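Take a look at the letters that make up each chain.
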Amino acid sequence: MKLQNLLIAGCVALMPGVAGAFTLAEAGFDAPEASKNDSTGFVFTDIKVIPTTPVKDQNKSGTCWCFAATSYIEDAILRNGGPEMDLSEMFWVRHAYIEKAKKYVRTQGHINFAQGGGTMDVIEMIKEFGAMPEEAYTGLNYGEKKHSHYEMYDALKGYLDGIIKGNRKHISPSWIKGFTAILDNYLGEVPEKFTYKGKTYTPKEFAKAFGIDKIADNSINVTSYTHHPFFTQFAIEIADNWTWAKSYNVPLADLKTIIDDCLENGYTVAWAADVSEGGFKWYEGYAILPAEQTEANMSESELSKWTKMSDKDREAERFKKNGPQKEVEVTQELRQQEFDSFDTTDDHGMVIVGIAKDQEGNRFYKVKNSWDTNQVYDGFFYVSEPYLLSKTIFVTIDKQALPKDLAKKMFK
């Protein structure tokens, strides 16, 4: 059974007793490190972990896409020999809301206007508007200590729907001023200049000074679906892709190669994926895709119990087992089928920061989330290879990390 009721706007957690999101400060090391959690039955050993900035907390905001992209950029600054930085997510979120609103009005409300988005939204905002450090623009101008965008989003959406009500033949150009005023009241006005480490910058000067503009220029999306030709680009048909950002389409085996090569060469990977699966166990710190149980491989006692279960109980039983187990064999055809049938949905943005294995040698990927640190691995979790191959919507990578043979095919 899907856990869609736990998610809104693509990435807001609404779990009982939780403020809505999660944060950490763990640097990466190449030396193997075992992480044991007896309650889950898994023992994970880190094979390679790339240095990454502290986990943050998106809290009650559907801005995982920006937190993922921001971590990816901060990690790239570290990789390039720069300082550890805490960049402002809300600077990019604010600009994205304005650009999204313009398109929403121009299409008379016939595109998605929501809290969600994609990592390429941040890349485009960097190219157009630059960047700012967190200390210069926190986006907390409304009396909260943590991000909470429900009220602001309702105000923004209601305002826009009022503007385009009845598909008016003419609207005043003043609408954008009113929309921006809402953002100013909640997130704050953006300063034209700010001081960081004793120097004064504009957002564009700041992006250039720390190489953020170059990181954006080198960033591309990669995916793997068969409803478009391989080694071409297309805009993935998901609601939050309001910019119609294009992704390079490659076979599934090549997608895995690209992700693995990035990690092996010290590049973190921004990861857009489905986290609504029953095998996604956030608090337990892992995500797996257990194989379907069949009557053929059950004992007599298991079969007797199984035949008396409802379909709902059988599905729940599939995800109750702890520790390593047989997982789904993911093929290109299965991946496409799950996307087309909505069994794979665009839920959340995170960052892949390393490679690990469980106690039986199965390959896992270490992933950094933006749902705070109050969880077994302090804001990180482990994703099995089958889960990653099946449930990835797209990844954002630095094109410099591409294997040369694949780069030649993709950029032909």
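Residues numbered from 1 in each chain as written. Predicted model: local features only at pLDDT ≥ 70, side-chain atom pairs only at ≥ 80, totals over all residues. Heavy atoms only, no water.

Draft legend 1. Looking closely at the overall build of the chain. Secondary structure summary: the chain contains 13 helices and 16 strands in total. Among the 412 residues that make up the chain, the fraction classed as buried is 56%. The long-range fraction of contacts in the chain, counting pairs at least 24 apart against all pairs at least 6 apart in sequence, stands at 76%. With the model as given, the accessible surface of the chain reaches about 18,100 Å², and the carbon-plus-sulfur share is 50%. (Helix = DSSP H or I, 4+ residues; strand = E, 2+ residues; numbered from the N terminus. Buried < 20%, exposed > 50% of the residue type's maximum accessible area, 1.4 Å probe, protein only. Contact = heavy atoms within 4.5 Å. Areas by Shrake-Rupley, 256 points an atom, 1.4 Å probe, with all protein chains shown as cover.)

Draft legend 2. Highlighting the packing of aromatic side chains. Inspection of the entire model under this criterion finds 26 aromatic pairs. Each member of the aromatic cluster is reached from another via a ring pair, and the members are Phe42, Phe44, Tyr286, Phe364, Tyr377 and Tyr382. Positioned above the aromatic ring of Phe113, the side-chain terminus of Lys100 is 6.0 Å from the ring centre. Directly above the aromatic system of Trp244 lies the positively charged group of Lys103, at a separation of 3.8 Å from the ring centroid. (Phe/Tyr/Trp six-rings, centres within 6.5 Å; stacked < 30°, edge-to-face > 60°. Lys NZ or Arg CZ within 6 Å of the ring centre and 35° of its normal.)

Draft legend 3. Here's a closer look at empty space enclosed by the protein. Per the stated rule, a full pass over the model turns up 3 cavities of 30 Å³ or more. In terms of lining, the second largest cavity is formed by Pro54, Lys56, Phe67, Ala68, Ser71, Glu89, Gly349, Met350, Val351, Lys368, Asn369 and Ser370. Of all the secondary-structure elements, those providing two or more residues to the lining of the second largest cavity are helix H1 (64-79) and strand S13 (348-357). Residues belonging to the lining of the second largest cavity are distributed by class as follows: 5 nonpolar, 4 polar and 3 charged. (1 Å grid on protein atoms, 1.4 Å probe; cavity = no way out; pocket = protein on both sides within 12 Å on 5 of 7 lines; lining within 4 Å. Points joined across faces, edges and corners; volume = space filled by probe spheres on them. Nonpolar A, V, L, I, M, F, W, Y, C, P; charged D, E, K, R; others polar.)

Draft legend 4. Fine view of the packing of helix H2 (residues 89-106) against helix H4 (residues 150-163). Across the interface, H2 lies against H4 with an axial gap of 11 Å and an inter-helix angle of 30°. Relative to H4, the element H2 lies roughly parallel. Crossing handedness for the pair H2 and H4: right-handed. Here Tyr97, Ala101, Tyr104 and Val105 of H2 lie close against H4, whose contacting residues are Met152, Tyr153, Leu156, Lys157, Leu160 and Asp161. (Axes fitted to C-alpha atoms, helices over the stretch in contact; angles between N-to-C directions. Parallel < 35°, antiparallel > 145°, perpendicular 65-115°, else oblique. Left-handed = near helix turned anticlockwise from the far one by under 90°.)

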